[in-house]
Amino acid sequence: MVEQDYVMRLIKEMVRTLLKLLFHIDLENPAEELFKDTEKKNTLQNLLDLIDSGNINDAENQIYDMISDVTADPSKENLKIALMFYAHLNEKSNKFLEENDFSREEVKQGIQLVIDKYGLNSISDTFLSDM
């Protein structure tokens, strides 16, 4: 249990750092609109709704489809969506994740894949290398 809490905190801090560095967004106090584009805002909301309804794997597959071609996303809006997705997923309890065929380890692996796809693996290594 303590180890899982540690993993949750590391993931949260990594996502928070990336959002702050890349998008000037503070997860603890997001004062500004996260997305100016209504379509991106709706995409994120749909993904979060899928998580909340237990369709985590379907939602994650959509994330992978979105980031499959990072050159098509020069503004990195899909990265922002993916980071918010994993931040939300990371807040779920281990029980919720297990009940929906997911694990904390899969959260970690998913976020590492996203970060690596955008060439930011040195940041993920900094946070997650000891786990």
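All of the points below concern the structure found in this document. In this text, all values refer to a predicted model and were calculated from it rather than measured experimentally.

## Re the packing of aromatic side chains
Okay, so step 1: All chains considered together, the criterion is met by 1 aromatic pair.
Okay, so step 2: Across from the ring centre of Phe-96, 5.2 Å away, lies the NZ or CZ of Lys-92, which sits over that ring.

## Here we look at the nonpolar core
Within soluble globular proteins, side chains that are nonpolar tend to cluster in buried spots.
Okay, so step 1: Membership of the largest hydrophobic core comes to 37 residues, with the highest contact counts inside it found for Ile-63, Leu-83, Phe-85, Tyr-86, Leu-89 and Ile-111.
Okay, so step 2: Elements with a minimum of two residues in this core: helix 1 (2-23), helix 2 (38-52), helix 3 (56-66), helix 4 (77-90), helix 5 (94-99) and helix 6 (104-117).
Okay, so step 3: Setting aside its immediate chain neighbours within four residues, Tyr-86 contacts Glu-60, Ile-63, Tyr-64, Val-107, Gly-110, Ile-111 and Val-114.

## Re the packing of helix 3 against helix 4
Okay, so step 1: Interhelical geometry of helix 3 versus helix 4 gives an angle of 160° and a closest axis separation of 10 Å. As the angle between them shows, helix 3 and helix 4 are arranged roughly antiparallel. Relative to helix 4, the crossing made by helix 3 is left-handed. Of helix 4, the residues touching helix 3 (which contributes Ile-56, Ala-59, Glu-60, Ile-63, Tyr-64 and Met-66) are Asn-78, Ile-81, Ala-82, Phe-85, Tyr-86 and Leu-89.
Okay, so step 2: For the contact of helix 3 with helix 4, the class distribution of residues is 10 nonpolar, 1 polar and 1 charged.

## Description of the environment of Gly-119
Okay, so step 1: Here Gly-119 is to be found in the loop between helix 6 and helix 7 (121-128).
Okay, so step 2: As for Gly-119 and Val-70, which are separated by 49 residues in sequence, their C-alpha atoms are 9.8 Å apart.

## Describing the side chain of Asp-73
Okay, so step 1: When you line up the elements, Asp-73 lands in the loop between helix 3 and helix 4.
Okay, so step 2: If near-sequence neighbours (up to four positions away) are discounted, Asp-73 is found in contact with Asn-78, Leu-79 and Tyr-118.

## Regarding unusual backbone geometry
Okay, so step 1: If you check the backbone angles, Lys-76 has positive phi at about 65° while not being a glycine.
Okay, so step 2: As for its position among the elements, Lys-76 is in the loop between helix 3 and helix 4.
Okay, so step 3: Exposure remark for Lys-76: the relative accessible area of 32% places this residue in the partly exposed category.
Okay, so step 4: The phi angle at Asp-101 is positive, at roughly 55°, despite the residue not being glycine.
Okay, so step 5: Mapped onto the fold, Asp-101 is located in the loop between helix 5 and helix 6.
Okay, so step 6: Note on Asp-101: relative accessible area 61%, which makes it exposed.

What counts and what doesn't
Residues numbered from 1 in each chain as written. Predicted model: local features only at pLDDT ≥ 70, side-chain atom pairs only at ≥ 80, totals over all residues. Heavy atoms only, no water. Phe/Tyr/Trp six-rings, centres within 6.5 Å; stacked < 30°, edge-to-face > 60°. Lys NZ or Arg CZ within 6 Å of the ring centre and 35° of its normal. Core = buried A, V, L, I, M, F, W, Y, C linked by side-chain atoms within 4.5 Å. Buried < 20%, exposed > 50% of the residue type's maximum accessible area, 1.4 Å probe, protein only. Helix = DSSP H or I, 4+ residues; strand = E, 2+ residues; numbered from the N terminus. Contact = heavy atoms within 4.5 Å. Axes fitted to C-alpha atoms, helices over the stretch in contact; angles between N-to-C directions. Parallel < 35°, antiparallel > 145°, perpendicular 65-115°, else oblique. Left-handed = near helix turned anticlockwise from the far one by under 90°. Nonpolar A, V, L, I, M, F, W, Y, C, P; charged D, E, K, R; others polar.

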